[in-house]
Amino acid sequence: MKIIIALLLTIVISGFAQDFRQMGSNYYAYPTPTAKYTKAPAGYKPFYLSHYGRHGSRFHQPADHYHFLYSTLAKADSAGKLTDLGKSLLERAKYLDEYAAPRAGDLTQLGVAQHQGIAKRMVKNFPEIFKNDAYIEAYASTSVRCVVSMAAFLEELRAQKPKLDIHQESGKYLMSFINPLDFGKIIGESNTPAWQKENEKMYSHVNPARMMHAIFNDSTYVQKNIDAGDLLSKIYEIGNSLQGSPEIKFSFDDLWTEDDLFARWRAQNAWWYSVLGNNPFGKKEGLENARPLLKNVLEVADKVIEADTTKAKTGKQPVATLRFGHDTMVFPFAVLLQMENGTRNTGVEIAEMEGLHKVWRDYEICPMAANVQFVFYKSSKKGSPILVKVMLNETEQKLPVTCDSTMVKNCPAAPYYRWDDFREFYSKIANKN
């Protein structure tokens, strides 16, 4: 049954997703990248890397969702109101209530492996940066799953390069650029009357009746005792989180039709856009969450470049700055950067929510362990400009940064950009000029 559903989902979402797991929105487990890298301009080699990464796959949270699912089904079963599929779901819910609920929000072992894989590829792709006892700075959100993600990443770096000099830290003061704003406030600011109308349109395509009929054998019982929309949403979120825990040997795939899952994902995708995207129906408070991070990336890079250029003795300068945080930063950060690859433009402003999924897809931007990497290049040729390229989830991106060919000889081609042009463009965004 799981194989059939997977095939159906692959067919129905052809052109939007190649894997039905992508309908899991930001629960999509980080895919191993396959993209090839563009050769750097002649004479250029990487010398510094700046990074922001989301924690890896985690258990769903809060624990109350697991408890709710199990207690709702157990109550219905006691009343004799579950179908065979409902009874099967009850068994799975009971297991999750015992195994997953105590781990709600915690990093999974797959989440650990995701960061180890990213670190290993980083060293392989940019060996010029990670040489000998090179100094690295790493900072994590105070969330335990972010600290463990950082630990997994650094563990792999040390496994690859044992002599690396690594400074690692997590603290409240770091949250000023790792995740500065309260997400609840952001949601509240985004929930405008204009957005509510659009949200209702998206959820008008989400019909929980079929799933309720598949789980319960009495429609009157459902009408009197079950909030069908809420139950479907909890099944959606818990079920999608399971792809991050391969040790759990079951899924919720048999509860969905391809149309149901696609409709629910489209609504979820639009919600993320409304809260953390360039949403014309809200106040765009979510974007403010990422401006301090963009400013930090620019300022730290400037210091590293200045020290490298002047050879000034200003203490240890990092060859890599690694930051570990959350999806609530990756989404708006990607929007501010306005990257293009796969998703048409991460910073796109669109008022037609029905077609949003064609140009802005949450699973492309922020799967579990999502990351943005800025790789800086220099040439041994005197007077050559510093270049930088940006990767989203280890895939090179095109940026809206321009080089004035009437003023600059030999403007680089994407994905490489002159640091001076890059800094000028994004400094205005970071400072909201």
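Residues numbered from 1 in each chain as written. Predicted model: local features only at pLDDT ≥ 70, side-chain atom pairs only at ≥ 80, totals over all residues. Heavy atoms only, no water.

Draft legend 1. Layout of the pairing of strand E4 (residues 320-325). For E4, the tally of buried residues reaches six of six residues, placing the bulk of the element in the interior. Along E4, one buried face is formed by Ala320, Leu322 and Phe324 and the opposite face, lined by Thr321, Arg323 and Gly325, is buried too. Sheet topology note: the strand E1 (residues 44-54)/E4 ladder contains six bridges and is parallel. Looking at the pairing, Gly53 lines up with Phe324 of E4. (Buried < 20%, exposed > 50% of the residue type's maximum accessible area, 1.4 Å probe, protein only. Helix = DSSP H or I, 4+ residues; strand = E, 2+ residues; numbered from the N terminus. Pairing = 2+ DSSP bridges.)

Draft legend 2. The packing of helix H2 (residues 63-78) against helix H11 (residues 228-241), seen in detail. At a minimum axis separation of 10 Å, H2 and H11 run at an interaxial angle of 120°. On the basis of their axis angle, the class for H2 and H11 is oblique. Here H2 and H11 pass one another in a crossing that is left-handed. Facing H2, whose interface residues are His65, Tyr66, Phe68 and Leu69, H11 presents Asp230, Leu231, Lys234, Ile235, Glu237, Ile238 and Ser241. For the contact of H2 with H11, the per-class residue count stands at six nonpolar, two polar and three charged. (Axes fitted to C-alpha atoms, helices over the stretch in contact; angles between N-to-C directions. Parallel < 35°, antiparallel > 145°, perpendicular 65-115°, else oblique. Left-handed = near helix turned anticlockwise from the far one by under 90°. Contact = heavy atoms within 4.5 Å. Nonpolar A, V, L, I, M, F, W, Y, C, P; charged D, E, K, R; others polar.)

Draft legend 3. Here's a closer look at the packing of aromatic side chains. Following the criterion strictly, the structure yields 26 aromatic pairs and no others. Ring geometry for Phe376 versus Trp419: centroids 5.1 Å apart, planes at 65°, classification edge-to-face. Here Phe376, found in strand E5 (residues 371-379), pairs with Trp419, found in helix H17 (residues 419-430); they are 43 residues apart in sequence, far enough to count as distant. With respect to burial, Phe376 and Trp419 carry one shared label: buried. The aromatic ring of Tyr236 is capped on one face by Arg264, whose charged end is 4.5 Å from the ring centroid. (Phe/Tyr/Trp six-rings, centres within 6.5 Å; stacked < 30°, edge-to-face > 60°. Lys NZ or Arg CZ within 6 Å of the ring centre and 35° of its normal.)

Draft legend 4. Fine view of the pattern of salt bridges. On inspection of all chains with the given rule, the structure shows 23 salt bridges. Ionic pairing is found between Glu349 and Lys284, a salt bridge with its closest N-O pair at 2.5 Å. A residue pair is termed long-range when its members are at least 10 positions apart, and Glu349 in the loop between helix H15 (327-337) and helix H16 (362-365) and Lys284 in the loop between helix H12 (258-276) and helix H13 (285-288) qualify at 65 residues. Asp420 serves as the salt-bridge partner of Arg423, at 3.0 Å between the closest nitrogen and oxygen. You can see Arg423 and its partner Asp420 sitting in helix H17, three residues apart, about one turn around the helix. The partly exposed category is assigned to Arg423, whose relative accessible area is 27%. Within this structure, Lys185, Glu189, Lys283 and Glu285 form a network of salt bridges that share partners. (Salt bridge = Lys/Arg side-chain N within 4 Å of Asp/Glu carboxyl O.)

Draft legend 5. Structural detail: the state of the cysteines. Inspection of every chain in the model, using the stated rule, returns one disulfide. Here Cys403 pairs with Cys411 through a disulfide, and the sulfurs are 2.0 Å apart. Looking down the S-S bond of the Cys403 and Cys411 bridge, the torsion is -70°, so its handedness is left-handed. Looking at Cys403, the relative accessible area reads 23%, which means it is partly exposed. (Disulfide = S-S within 2.5 Å.)

Draft legend 6. Up close: the nonpolar core. Within the largest apolar cluster, 99 residues are counted, with the highest numbers of intra-cluster contacts made by Phe216, Ile235, Phe333, Phe374, Phe376 and Phe422. With ten residues, H12 is the single largest residue contributor to this core. Residues in contact with Phe376, not counting those within four places in the same chain, are Lys45, Pro46, Phe47, Tyr48, Ser50, Ala301, Ile305, Ile386, Leu387, Val388 and Trp419. Residues Ala140, Leu322, Ala369 and Tyr377 belong to the second largest nonpolar core, which totals 31 residues. (Core = buried A, V, L, I, M, F, W, Y, C linked by side-chain atoms within 4.5 Å.)

Draft legend 7. Structural detail: helix H4 (residues 109-125). With 17 residues, H4 extends 24 Å between its outermost C-alpha atoms, agreeing within 8% with the 24 Å of an ideal straight helix rising 1.5 Å per residue. Of all the positions in H4, only Gly111, Val112, Gln114, His115, Gly117, Ile118, Ala119, Met122 and Val123 are classed as buried. Those residues of H4 that are buried lie in contact with E1, helix H5 (144-160), E4 and E5. (Expected span 1.5 Å × (residues − 1).)

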